[in-house]
Amino acid sequence: MTPLVTLVIPVLVDADATAALLAQIPDVSDVAIVVVDGQGDRRLEGLVASHSRARLRQATPGRGHQMNVGAEGASSDWLLFLHADSVLPDEWLPALRGLGAEVTGGWFAFALDDAAWQARVIERLVGWRVRVLRLPYGDQGLFVRPALFRSLGGFREWPLLEDVDFVRRLVRSGRVAALPLALRTSSRRWRRDGWFRRSAMNVLIVALYFAGASPARLARWYRRAPR
């Protein structure tokens, strides 16, 4: 039986988050899972082996490259690319099942797994960006028909902004669906870098990219930026 969806999860030294994510995913024939390890983390072998629908693949580090490797050979109706620290909404599988054949891709709503008021402000700002600019990021869970994914050439194997580039091509290529279900992502990076400092840095990086800066140059700047 062809699965409804293949979940592609790129992982880089994040076994604990991966374990929590795998525990959420039902062990049903509608779902296939590909965990793509970019660091040779042996802890992932046991985690993946414990889920009958999951398999582990190895790749060189780089989220775009890892996601392309995970998508290779998928025969499901959908590909769903997830960050390892995601928390899926309860009705995510029925929501995908209910999408019409005319829908070629889409994403979930953005939410942070934190009760802080700053998290609610950031969620509203992200909601505005997605509604007005049609520009979700990868932490919202990007789903796409495999045939379209291949025709678009997959993700650019860049050190940064591969999700922004892919979403822009996806939106231009057919009808997309913004599912109103909140996919929660970890707030740990916002807490580490500063709630609004991190968001401002993200905005600046995307603005510089649209202005013509290369992802490689932006990645070097981002790595040097003080935390």
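Now for a quick tour of the structure. Not measured: the values here are computed from a predicted model. Throughout, a residue's number is its position along its own chain's written sequence, starting from 1. Reporting of local features is limited, given that this is a predicted model, to residues whose pLDDT is at least 70; pairs of side-chain atoms are given and counted only at 80 or more, and all residues count toward the totals for whole chains, interfaces and linings. In computing side-chain values, all of the structure's heavy atoms are included and hydrogens and water are not.

Regarding the overall build of the chain
Item 1. Secondary structure follows DSSP: runs of H or I at least 4 residues long count as helices, runs of E at least 2 residues long count as strands, and numbering of each begins at the N terminus. The helix and strand inventory of the chain stands at 10 helices and eight strands.
Item 2. Computed over C-alpha atoms, the radius of gyration of the chain comes to 17 Å, within 12% of the 17 Å expected from 2.2 N^0.38 for 227 residues, which places it in the range of a compact globule.
Item 3. Counting the 227 residues in the chain, one finds 54% classified as buried.
Item 4. Across the chain, contacts joining residues at least 24 apart in sequence account for 74% of those joining residues at least 6 apart.
Item 5. Where accessible areas are quoted, they stem from the Shrake-Rupley method and a 1.4 Å probe; at the residue level, only the protein chains shown are allowed to cover. Carbon together with sulfur atoms contributes 54% to the accessible area of the chain, which is approximately 10700 Å² in total. Here the radius of gyration uses the C-alpha set of atoms, whereas the globule reference equals 2.2 Å times the residue count to the power 0.38. Burial classes follow relative accessibility: with a 1.4 Å probe on protein chains only, a residue under 20% of its type's maximum area counts as buried, one over 50% as exposed, and anything between as partly exposed. The contact criterion used is simple: two residues touch if any of their non-hydrogen atoms lie within 4.5 Å.

Regarding the packing of helix 7 (residues 162-172) against helix 9 (residues 195-210)
When two helices pack together, you describe them by how their axes are tilted relative to each other and by the distance separating the axes.
Item 1. Note on definitions: angles span 0 to 180 degrees between N-to-C directions of axes, and those axes are lines fitted to C-alpha atoms, for helices only across the stretch in contact. For the pair helix 7 and helix 9, interaxial distance at closest approach is 11 Å and the crossing angle is 60°. Considering the angle they form, helix 7 stands oblique to helix 9. Relative to helix 9, helix 7 is oriented so that their crossing is right-handed. Contacts between helix 7 and helix 9 involve Val164, Asp165 and Arg168 from the first element and Val206, Tyr209 and Phe210 from the second.
Item 2. Residues belonging to the contact of helix 7 with helix 9 are distributed by class as follows: four nonpolar, no polar and two charged. Roughly parallel covers angles under 35 degrees, roughly antiparallel covers those over 145, roughly perpendicular covers 65 to 115, and oblique covers all other angles. Crossing handedness is defined as follows: a turn of the near helix away from the far one that is anticlockwise and smaller than a right angle gives a left-handed crossing, while the clockwise case is right-handed. Note on residue classes: Ala, Val, Leu, Ile, Met, Phe, Trp, Tyr, Cys and Pro are nonpolar, Asp, Glu, Lys and Arg are charged, and everything else, Gly too, is polar.

Quick look at the packing of aromatic side chains
Item 1. Pairing of aromatic rings covers Phe, Tyr and Trp, the last counted by its six-membered ring, and requires centre-to-centre distances within 6.5 Å; plane angles under 30 degrees mean stacked, over 60 mean edge-to-face, and any other angle means tilted. Counted by the stated rule, this structure contains 11 aromatic pairs.
Item 2. Between tryptophan 158 and tyrosine 209, the aromatic rings sit 6.0 Å apart at their centres with planes inclined by 65°, giving edge-to-face as the arrangement. On the criterion of sequence distance, the pair formed by tryptophan 158 in the loop between helix 6 (146-151) and helix 7 and tyrosine 209 in helix 9 is long-range, its members being 51 residues apart.
Item 3. Grouped by ring-pair contacts, the aromatic residues Phe81, Phe149, Phe155 and Phe166 constitute a single cluster.
Item 4. Criterion for a charge above a ring: Lys NZ or Arg CZ within 6 Å of the ring centre, and within 35 degrees of the ring normal. Here the basic side chain of arginine 129 rests over the ring of tyrosine 137, its NZ or CZ set 3.7 Å away from the ring centre.

A closer look at the nonpolar core
Item 1. One finds Leu79, Phe81, Val144, Phe149, Leu161 and Phe166 to be the most contacted residues of the largest nonpolar core, which totals 42 residues.
Item 2. Counting residues per element, this core draws most heavily on helix 9, at five residues.
Item 3. With residues near it in sequence (within four places) discarded, phenylalanine 81 still touches Val8, Met67, Ala71, Gly138, Gly141, Leu142, Val144, Phe149 and Phe155.
Item 4. Formed by 32 residues, the second largest nonpolar core is a distinct cluster that contains Leu4, Val5, Ile33 and Trp78. To form a nonpolar core, buried Ala, Val, Leu, Ile, Met, Phe, Trp, Tyr and Cys residues must be joined to one another through side-chain atoms within 4.5 Å.

Things to note about helix 5 (residues 117-133)
Item 1. Here, expected helix span is obtained from the residue count minus one, scaled by 1.5 Å. Helix length check: helix 5 (17 residues) gives 24 Å between terminal C-alpha atoms against 24 Å at 1.5 Å per residue, within 8%.
Item 2. Burial in helix 5 covers these residues: Gln118, Ala119, Ile122, Glu123, Val126, Arg129 and Val130. One face of helix 5 carries all of its buried residues, which in axial projection span an arc of 135°. Residues of helix 5 that are exposed and point more than 90 degrees away from the buried face comprise Trp117, Arg124, Leu125 and Arg131.
Item 3. Taken from the residues just after helix 5, arginine 134 is the one with a positive phi, measuring 55°. The directions from the helix axis to the C-beta atoms form the arc being described.

A word on unusual backbone geometry
Item 1. Here the phi dihedral of valine 13 falls at roughly 55°; this positive angle occurs in a residue that is not glycine.
Item 2. By secondary structure assignment, the location of valine 13 is in the loop between strand 1 (5-11) and helix 1 (15-24).
Item 3. The phi angle at leucine 161 is positive, at roughly 70°, despite the residue not being glycine.
Item 4. If you trace the backbone, leucine 161 turns up in the loop between helix 6 and helix 7.
Item 5. Overall, the relative accessible area of 7% leaves leucine 161 in the buried class.

Description of the side chain of glutamine 66
Item 1. Here glutamine 66 shows up in helix 3 (residues 63-71).
Item 2. In terms of polar contacts, glutamine 66 uses its side chain to reach the backbone carbonyl oxygen of valine 36, at 2.8 Å.
Item 3. Residues in contact with glutamine 66, not counting those within four places in the same chain, are Pro10, Val11, Val36, Asp37, Gly38, Ala59, Thr60 and Pro61. By the criterion applied in these results, polar contacts are pairs of N or O atoms within 3.5 Å in which, for protein atoms, one can donate a hydrogen and the other can accept it, and in which residues neighboring in sequence qualify only through two side-chain atoms.

Here we look at the environment of isoleucine 25
Item 1. On the secondary structure map, isoleucine 25 appears in the loop between helix 1 and strand 2 (31-37).
Item 2. Sequence separation of isoleucine 25 and histidine 51 is 26 residues, and the distance between their C-alpha atoms is 9.0 Å.

Side note on the packing of helix 5 against helix 9
Item 1. Helix 9 packs onto helix 5 with a crossing angle of 20° between their chain directions and a minimal axis gap of 10 Å. What the angle tells us is that helix 5 and helix 9 run roughly parallel. Considering how the two elements wind past one another, helix 5 and helix 9 form a crossing that is right-handed. Along its contact with helix 5, which presents Trp117, Gln118, Ala119, Val121 and Ile122, the element helix 9 presents Trp195, Phe196 and Ser199.
Item 2. Taken together, the residues of the contact of helix 5 with helix 9 break down into six nonpolar, two polar and no charged.

Fair warning: the whole summary comes from geometry, so function is off the table for now.
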